[in-house]
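Each chain is listed here by its residues.
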Amino acid sequence: LVDAPTNVIFINMGQHGLGAHFGVQMARITNQTQHTHNIVRLMQACFSSFPYAVTEYKPTYGSVFAEYLREYSHWSYTDIDLVMGDLPLFVDRAELTDFDVVTYSFGDYERLYLRG
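Residue numbers restart at each chain and count upward from 1, following the sequence in its written direction. Side-chain atom pairs in this predicted model are given and counted only at pLDDT of 80 or more, local residue features only at pLDDT of at least 70, and totals for whole chains, interfaces and linings cover all residues. Only hydrogens and water are set aside when side-chain values are computed; all heavy atoms of the structure are taken into account.

Q: Just give me the short version of the packing of aromatic side chains, but keep the residues and values in it.
A: Stacked, edge-to-face and tilted labels apply to pairs of Phe, Tyr and Trp rings (six-membered ring for Trp) whose centres lie within 6.5 Å, assigned for plane angles under 30 degrees, over 60, and everything in between, in that order. With the rule as written, the count across this model stands at seven aromatic pairs. Look at Phe 22 and Phe 65: their rings are 5.6 Å apart centre to centre, the planes differ by 90°, and that puts the pair in the edge-to-face class. You can see Phe 22 sitting in helix 1 (residues 17-29) and its partner Phe 65 sitting in the loop between helix 3 (61-64) and helix 4 (66-69), a full 43 residues away along the chain. Taken together, the aromatic side chains of Phe 22, Phe 47, Tyr 57, Tyr 61, Phe 65 and Tyr 68 make up a single cluster linked through ring pairs. Numbering of helices and strands runs from the N terminus; a helix is a DSSP stretch of H or I covering at least four residues, while a strand is a stretch of E covering at least two.

Structural data, given as structure tokens:
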């Protein structure tokens, strides 16, 4: 495993573990716990055959990973090829305390896609 900053935590969920975690949490979130086994199998098959499909579930990350996010006041998801850097240079503390969602537009505000 690579050296990582102290604020980065790697969690090894094992083979098919991410699909299992997603399946269990999606069943819970959607109140379909009676179908947990089937949802887990579907998520595992989906993520195994189409790993990029994980990105399609970004809007669910807050709920799916809630147990890992509890101790944080803010969290985010982003593309893997984005470098964040020193966030206090770009994000004002007031933005983090006054708003639940912070998003920025770079001249593309008329586009039709979700942000936040």
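Next comes the rest of the description.
Q: So what about the packing of helix 1 against helix 2 (residues 36-49)? Which residues, and what values?
A: The N-to-C vectors of helix 1 and helix 2 enclose an angle of 140°; their axes lie 7 Å apart at closest approach. Taken as axis vectors, helix 1 and helix 2 run oblique relative to one another. Helix 1 and helix 2 meet at a crossing whose hand is right-handed. When helix 1 is examined against helix 2, the residues Leu 18, Gly 19, Ala 20, Phe 22, Gly 23, Val 24, Met 26 and Ala 27 are found in contact with a partner set consisting of Thr 36, Ile 39, Val 40, Met 43, Gln 44 and Phe 47. For helices, the fitted axis covers only the stretch in contact; all axes are lines through C-alpha atoms, and the angles between them, taken along N-to-C directions, range from 0 to 180 degrees. For classification purposes, angles smaller than 35 degrees are called roughly parallel, those larger than 145 roughly antiparallel, those between 65 and 115 roughly perpendicular, and all remaining angles oblique. Here a crossing is taken to be left-handed if its near helix is turned anticlockwise relative to the far helix by less than a right angle, and right-handed if that turn runs clockwise. Two residues form a contact once any of their heavy atoms are found within 4.5 Å.

Q: Account for the nonpolar core, with residues named and values stated.
A: Side chains of a nonpolar character, in soluble globular proteins, are inclined to be buried together. As used here, the term nonpolar core means buried Ala, Val, Leu, Ile, Met, Phe, Trp, Tyr and Cys residues forming a set that is joined through side-chain atoms within 4.5 Å. Burial status follows relative accessibility: with a 1.4 Å probe on protein chains alone, a residue under 20% of its type maximum counts as buried, one over 50% as exposed, and anything between as partly exposed. Counting twelve residues, the largest nonpolar core consists of Phe 22, Met 26, Ala 27, Ile 39, Met 43, Phe 47, Ala 53, Val 54, Tyr 61, Val 64, Phe 65 and Leu 69. Elements supplying a minimum of two residues to this core: helix 1, helix 2 and helix 3. What Tyr 61 contacts, discounting residues up to four positions off in sequence, is Phe 22, Val 54, Thr 55, Ala 66, Leu 69, Trp 75 and Tyr 77.

Q: Summarise unusual backbone geometry; cite the residues concerned and give the values.
A: Of note in the backbone geometry, His 16 takes a positive phi value of approximately 65° without being a glycine. For His 16, the position within the fold is in the segment before helix 1. The partly exposed category is assigned to His 16, whose relative accessible area is 38%. Despite not being glycine, Asn 31 shows a phi value in the positive range, around 60°. By the element assignment, Asn 31 lies in the loop between helix 1 and helix 2.

Q: Can you lay out the side chain of His 21 for me, pointing to particular residues and giving the numbers?
A: Looking at where His 21 falls in the secondary structure, it is placed in helix 1. Those residues within four positions of His 21 in sequence are excluded, and the remaining contacts are Met 13, Val 64, Phe 65, Glu 67 and Tyr 68.

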